[in-house]
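# Residue-level structure breakdown
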Amino acid sequence: MQKKSFLFIFSQAPHSNLSAKEGMDFAFSCAAFEQDVDALFIDDGIFQLLKHQDTKALQVKNHSAGIEAFSLYGINHCYYDANSLSIKPVTANDLISECSPCPEDFSEKMSGYDFIYHY
């Protein structure tokens, strides 16, 4: 089987619905089958990258903690959009270290992915 490349774009806040968790589960599944997987967090998806999230009041599991394990599952790159971050009430220091700012030429690189999924 030929490897395919996947980009998962997360733009929704964590825990507001199941979309982000389902996207993350799909990304983990693709990586488990040794596909090339990257993740990009934009807009309200930036909030999935916050350190020390407490979901007890929501009575849901903190699926964002899985982002810290991306590299263990073979998810190659984890990026966040610096423009999205600049308009949110958080800074890069508030984010987990496993993600880095999106390269400036990333929009050009997006055409190289075989599949792009938006959650």
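What comes next is a walk through the structure. (Residues numbered from 1 in each chain as written. Predicted model: local features only at pLDDT ≥ 70, side-chain atom pairs only at ≥ 80, totals over all residues. Heavy atoms only, no water.)

### Regarding the state of the cysteines
This model, assessed by the stated rule, comprises one disulfide. A disulfide bridge connects Cys 78 with Cys 99, and the sulfur atoms are separated by 1.7 Å. Between Cys 78 and Cys 99, the S-S torsion sits near 45 degrees, and that sign places the bridge as right-handed. Pair noted here: Cys 78 is in strand 3 (residues 75-80) and Cys 99 is in the loop between helix 3 (82-86) and strand 4 (100-101), with a separation of 21 residues, a long-range link. The pair formed by Cys 78 and Cys 99 is uniform in burial state, with each residue classed as buried. For the unlinked cysteine Cys 30, the closest cysteine sulfur is that of Cys 78, found at 16 Å. Distance from the sulfur of Cys 102, which forms no disulfide, to the nearest cysteine sulfur (Cys 78) is 10 Å. (Disulfide = S-S within 2.5 Å. Helix = DSSP H or I, 4+ residues; strand = E, 2+ residues; numbered from the N terminus. Buried < 20%, exposed > 50% of the residue type's maximum accessible area, 1.4 Å probe, protein only.)

### What about the environment of Ile 96?
Residue placement: Ile 96 occurs in the loop between helix 3 and strand 4. On the accessibility criterion, Ile 96 (6% relative accessible area) is buried. Taking the C-alpha atoms as reference, Ile 96 lies 9.3 Å from Gln 48; in sequence the two are 48 residues apart. Discounting chain neighbours no more than four positions away, the residues touching Ile 96 are Leu 49, Leu 50, Lys 51, Ile 67 and Glu 68. (Contact = heavy atoms within 4.5 Å.)

### Here we look at the side chain of Gln 35
Topologically, Gln 35 is positioned in the loop between helix 1 (19-32) and strand 2 (36-41). Look at Gln 35 and you get buried, because its relative accessible area is 9%. Of note is the side chain of Gln 35, whose polar atom sits 2.6 Å from the backbone nitrogen of Lys 4. (Polar contact = N/O pair within 3.5 Å; in protein donor to acceptor, adjacent residues only side chain to side chain.)

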